[in-house]
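Observations on the model geometry
Here is what each chain is made of, one letter per residue.
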Amino acid sequence: MVFGLKDLPMELVMIANDDEATPVELVGKKVVPILVKEDGTAMPESLDIVRYVDTHYGNPIIKENIRSEIEEWVGKLSKVYNHLLLPRFVKLGLAEFEKQGAIDYFVKKKTESIGDFEQNLVETDKYITIVQLLIDELSVLIKSEKALNGELSLEDIIVFPMLRNLTCVKGFQFPPKVLDYINKMAKLSKIDLYFAKAI
């Protein structure tokens, strides 16, 4: 997202979800994303990567401020939205799940946190109802289609990926203001949405 917003070239390398060796070798633990810098050193943690890229390549464009209302909203959405997302991620044709072994690894790990994947899919309507209320709440917090609080900030770096992930849920209704923000931010950051693949 930060590379797209700053129009910076980069090479995106996808790691299979069951590949523990590569991230451990790079940063000592199984995490993504990982930034391999031009000097060959590697850096984990999304927000650390965003801050590094923003401050080391051109003038910084991302403000640090996060409204307490947004932090609270993110916390509430985080508690429930994986019940919709995780069972769908393995069905979207994503590069990290090209092999069955990667899917099996992911399902086994994530079943521990959300329960049976198929049961979660059966209960889609229940989770959509809960998440829909939260997405409706977000509308009043959006100050601009180009930035949640009016200028690019960590709010966008945290919230846009969550909204982008929800575009994989078929039948989910985004309020106009939220949909405008999703589409504009996707264009600005040069990131594809999942609407065409929605399940």
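Going by an unreviewed UniProt entry, the chain carries the name Grx2 and comes from Mannheimia varigena USDA-ARS-USMARC-1296.

What follows is about the environment of Val-178. Relative to the helices and strands, Val-178 resides in helix H10 (residues 176–189). Relative accessible area serves as the criterion here: at 0%, Val-178 is assigned to the buried category. As a C-alpha pair, Val-178 and Tyr-127 span 51 residues in sequence and 19 Å in three-dimensional space. Sequence-distant contacts of Val-178, defined by excluding residues within four places in its chain, comprise Ile-135, Leu-138, Ser-139, Ile-142 and Leu-163.

The subject of this paragraph is helix H3 (residues 46–56). For H3, the complete set of buried residues consists of Ile-49, Val-50, Tyr-52, Val-53 and Asp-54. One or two residues past the end of H3 sits Gly-58, with phi positive at roughly 75 degrees.

Rules of the game
- Residues numbered from 1 in each chain as written.
- Predicted model: local features only at pLDDT ≥ 70, side-chain atom pairs only at ≥ 80, totals over all residues.
- Heavy atoms only, no water.
- Helix = DSSP H or I, 4+ residues; strand = E, 2+ residues; numbered from the N terminus.
- Buried < 20%, exposed > 50% of the residue type's maximum accessible area, 1.4 Å probe, protein only.
- Contact = heavy atoms within 4.5 Å.

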